[in-house]
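Spelled out from the first residue to the last, the chains are:
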2 protein chains.
Amino acid sequence: MSEKITIYDIAKKLNITAATVSRALNNNPKIKESTRELVLKTAASMNYKQNKLALALKSGRSNNIGVIVPRIDSNFFASVIRGIEEELHPHGYQVIICQTHEDPKRESENLYTLIDAQVDGILMSVTDVANENTAAFQYVLNKNVPLVFFDRSKHIDGVSSVTINDFKGGYMTTKHLIDEGCKAIAHFSGDLSLEIFKNRFLGYKQALSDHGMPFNEAYVIRTKSALDSGKEAVNVLLQLETPPDAIFSSSDFAALGAIQVLKEKNISIPEEFCVAGFSNEPFTKFMELSITSVDQSPLEMGKMSARVFLEQVDKTDTIKIEKKVVLAPELHIRKSSSRTVS
Amino acid sequence: MSEKITIYDIAKKLNITAATVSRALNNNPKIKESTRELVLKTAASMNYKQNKLALALKSGRSNNIGVIVPRIDSNFFASVIRGIEEELHPHGYQVIICQTHEDPKRESENLYTLIDAQVDGILMSVTDVANENTAAFQYVLNKNVPLVFFDRSKHIDGVSSVTINDFKGGYMTTKHLIDEGCKAIAHFSGDLSLEIFKNRFLGYKQALSDHGMPFNEAYVIRTKSALDSGKEAVNVLLQLETPPDAIFSSSDFAALGAIQVLKEKNISIPEEFCVAGFSNEPFTKFMELSITSVDQSPLEMGKMSARVFLEQVDKTDTIKIEKKVVLAPELHIRKSSSRTVS
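Note that the structure is predicted; figures quoted are calculated from it, not measured.

Caption draft 1: Geometry of the pattern of salt bridges. Residues and elements named next belong to chain A. One pass over the structure, following the stated rule, counts 27 salt bridges over all chains. With a shortest N-O distance of 2.9 Å, Lys323 and Glu311 are connected by a salt bridge. Remark: Glu311 occurs in helix H13 (residues 298–313) and Lys323 occurs in the loop between H13 and strand E11 (324–327); sequence separation between them is 12 residues. Given a relative accessible area of 30%, Lys323 falls into the partly exposed group.

This is how it looks when you write it as structure tokens:
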């Protein structure tokens, strides 16, 4: 019977120690790849069934980390995940990813799924729909599984977060547009109930105020992070009695949509109209008319989130550390808003 | 009531722990049968996740599916995953994702990780590095966990796959370049030991032969799916005694790199030089000089892979069905290769 096969049998067959077999079966990075393959092959041929639950109970660790993001098809989130992996992989952790598609129900399902999959920690960016999901988050915390928010965070006692200074990002972009001579700057905002979008908006407002420019409610349009949403929004702006001459968009995708419409209408960029986005998605650089955007250091954000997790998982006491890491944004000025040729 | 019922709510109502509820719903054998029935009854009465509940009633399912891709930051793989999710979510399955970064060691780690996480099936696209990872695949198959390959597959007895007709994709793109009047067509290939890249190359070669054009070994350059790789490759081609006047690239990213170099050198596209890519990444459409590319129906590919999995997981007998689904590619002709204005 396969139940009777133990790591000792495998060790005996290969003439190595049981400890080595155990490490190989646990994907311990200290084990040579050739040894690991040999052990796994032998274990498979002997029909050895590893009791991972027993292993997890013994070590208290599955060495799996769960990451939840709104979507994986954005360079920003993909880069954060790459940062998390680069930091955690050398520590022997495997990263498994779930996406919410901005659906709070999916978000709570993802949380339960990852706990069921015995992860040692969850690093996540919450959905852009205001929601509570209190029970699901509480369930994770009750399991004593470290939870770290990145980029989009919500306030929960004892939960750490890694974000960028979105206020500063909004401020510096708006100030740049003012410096380029723009007189009426519009703003594409996200859901203002989310911290990141609220702060980008507040930075925009503060920059206007600091430079003696009036704030016009009609110039603020809520958009989704999508091409079509940017197209619709710029059409609304262009139909105003006094249309703006610049847009600071909280999304690169919406900024691109706006640019496509402006081009169709033969409004020249940046001479007549300046556009700036947020996130520094690769296409902003690829375009012939490259798009000014704010870089959010996603790789660094991922690494930092991973480090915050490692600090928490290595804590043996039960005192919760609530750490708030705020990274600095970086403005990349490109053709879409460069009137002054250097 | 729109409030989401969670296992936490069920636990509260029954005055037991959420962990017990979770175990009962997952048919953990450690839970007493009477407790399990009580939990399932209460869950049903509270309208808790009907689909998942129905599935949980059948024994031995985690309702989690693992997906392994080379990288998540490509629109192609992200779209396949979306297709998988769209098909499986209504059946109560949650999708968890791992990436290999084209590293065979990561690939085998991912396989063990997902099995440890108790997934009911694994849908994957293999790394572009020729490798065996025999032990890891055998481990999955010995566990009787259905395995389905999509896009990049390898031949393993009893394993199904969903791919597109890459030969046809290569053929139709090359034929299109010939129709546009190109006389010397180069090819950026991937690792030819992988089926998909080999077939795109063979399609290219066949189209040349069918149209009486000579095949020139020097025109075939192995590139990675990256901007810089395309830049290097086109520089090599331009230094040839007889440089080509067109490129069929098996990667959109490499095609974009080539275009950037050609522009820098003031070689006009498509008049003097035509370029076509593969995958139909969104940026190929966004560019002012939009790029001709082959669409691989990633959403459909994901859905089809999910359907193949569902057929296998519902099988109660042990006969393995090896299903090979081949989808048709679609050529999107854009500015980078449109000499004939319609």
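Once the structure has been displayed, the description carries forward.
Caption draft 2: Local environment of the sheet that holds strand E9 (residues 274–276) of chain A. Residues and elements named next belong to chain A. With parallel pairing, four strands are arranged side by side in an open sheet as E7-E6-E8-E9. Since the sheet does not close on itself, it has two edges, and those belong to strand E7 (220–222) and E9, each with one partner. Neighbour to neighbour, the strand axes of the sheet diverge by 15° on average, direction disregarded. Pairing analysis gives three bridges linking strand E8 (residues 246–249) to E9, with the strands arranged parallel. Its bridge partner being in E9, Phe248 is matched across the sheet by Ala276.

Caption draft 3: Just the interface of chain B and chain A, in detail. Of the residues lining the interface, 52 residues belong to chain B; the matching set on chain A comes to 49 residues. Buried area between chain B and chain A, both sides added, is near 4900 Å², and the carbon and sulfur share of it is 54%. When the buried area of chain B at its contact with chain A is split by residue, Ile72(B), Phe286(B) and Glu288(B) rank highest and sum to 13% of it. Across the contact surface, chain B and chain A share two salt bridges. Salt-bridge contacts for Glu288(A) lead to Lys263(B); the nearest nitrogen and oxygen are separated by 2.9 Å. Put simply, chain B and chain A have 19 residue pairs in polar contact (both at pLDDT 80 or more) between them. Elements with a minimum of two residues in the side of chain B that touches chain A: helix H1 (7–14), helix H2 (18–25), helix H5 (75–88), strand E2 (94–99), helix H6 (104–116), helix H7 (134–142) and helix H11 (252–264) of chain B. The element contributing the most residues to the side of chain B that touches chain A is H6(B), with 10 residues. In terms of residue class, the side of chain B that touches chain A is made up of 22 nonpolar, 17 polar and 13 charged.

Caption draft 4: Focus on the sheet that holds strand E8 (residues 246–249) of chain B. All names here are of chain B. Strands sit in the order E7-E6-E8-E9 across an open sheet of four strands; the sheet is parallel. Looking along the sheet, the strands with just one partner apiece sit at the ends: strand E7 (220–222) and strand E9 (274–276). Here the strands of the sheet are splayed against their neighbours by 15° on average, with no regard to which way each runs. Bridge count between strand E6 (residues 185–189) and E8: four bridges; the pairing is parallel. Bridged to Ile185 within E8 is Ala246. With respect to the sheet, helix H8 (residues 166–179) is in contact with E6, E8 and E9, its orientation differing from that of E8 by roughly 165°. Running at roughly 170° to E6, helix H9 (residues 195–210) makes contact with E6, E7 and E8 of the sheet.

Caption draft 5: Fine view of the packing of helix H1 (residues 7–14) of chain A against helix H2 (residues 18–25) of chain A. Residue and element names in this part refer to chain A. With their axes 8 Å apart at the nearest point, H1 and H2 run at an angle of 110° to one another. Put simply, H1 runs roughly perpendicular to H2. H1 and H2 meet at a crossing whose hand is right-handed. Only Ala18, Val21, Ser22 and Leu25 of H2 make contact with H1, whose side of the interface consists of Ile7, Tyr8, Ile10 and Ala11. The residue inventory of the contact of H1 with H2, partitioned by class, reads seven nonpolar, one polar and no charged.

Caption draft 6: Molecular detail of the confidence of the model for chain A. The pLDDT averaged across chain A works out to 88; a share of 91% of its residues lies at or above 70. Model confidence for the complex: the whole-complex pTM is 0.77, and ipTM, which rates the interface, is 0.74.

Caption draft 7: Main features of the packing of aromatic side chains. On inspection of all chains with the given rule, the structure shows 22 aromatic pairs over all chains. Directly above the ring of Phe278(A) sits Arg200(A), whose terminal nitrogen or CZ lies 3.8 Å from the centroid.

Caption draft 8: Examining the pairing of strand E6 (residues 185–189) of chain A more closely. All names here are of chain A. For E6, the tally of buried residues reaches five of five residues, placing the bulk of the element in the interior. By the alternation rule, side chains of E6 split into Ile185, His187 and Ser189 and Ala186 and Phe188, which are all buried. As paired elements, E6 and E7 share three bridges and run parallel to each other. If you follow Phe188 over to E7, its bridge partner there is Ile221. Once you follow E6 into helix H9 (residues 195–210) and on to E7, the crossover reads as right-handed.

Caption draft 9: How the structure looks around the state of the cysteines. All names here are of chain A. As enumerated under the stated definition, the model contains zero disulfides over all chains in all. With no disulfide of its own, Cys274 has Cys182 as its nearest cysteine by sulfur position, at a separation of 3.7 Å. The exposure class assigned to Cys274 is buried, which follows from its relative accessible area of 0%.

Caption draft 10: Layout of the environment of Phe149(A). Residues and elements named next belong to chain A. Within the secondary structure, Phe149 sits in strand E4 (residues 147–150). Overall, Phe149 belongs to the buried group, its relative accessible area being 0%. Dropping the residues within four chain positions of it, Phe149 is found in contact with Met124, Val126, Phe137, Lys154, Ile156, Val159, Ser160, Ser161 and Val162.

Thresholds, definitions, all that
- Residues numbered from 1 in each chain as written.
- Chains lettered and ligands numbered in written order.
- Predicted model: local features only at pLDDT ≥ 70, side-chain atom pairs only at ≥ 80, totals over all residues.
- Heavy atoms only, no water.
- Salt bridge = Lys/Arg side-chain N within 4 Å of Asp/Glu carboxyl O.
- Helix = DSSP H or I, 4+ residues; strand = E, 2+ residues; numbered from the N terminus.
- Buried < 20%, exposed > 50% of the residue type's maximum accessible area, 1.4 Å probe, protein only.
- Pairing = 2+ DSSP bridges.
- Axes fitted to C-alpha atoms, helices over the stretch in contact; angles between N-to-C directions.
- Contact = heavy atoms within 4.5 Å.
- Buried area = accessible area lost by both parts, 1.4 Å probe.
- Polar contact = N/O pair within 3.5 Å; in protein donor to acceptor, adjacent residues only side chain to side chain.
- Nonpolar A, V, L, I, M, F, W, Y, C, P; charged D, E, K, R; others polar.
- Parallel < 35°, antiparallel > 145°, perpendicular 65-115°, else oblique.
- Left-handed = near helix turned anticlockwise from the far one by under 90°.
- pLDDT = per-residue confidence, 0-100.
- Phe/Tyr/Trp six-rings, centres within 6.5 Å; stacked < 30°, edge-to-face > 60°.
- Lys NZ or Arg CZ within 6 Å of the ring centre and 35° of its normal.
- Right-handed = clockwise from strand over helix to strand, strands pointing away.
- Disulfide = S-S within 2.5 Å.

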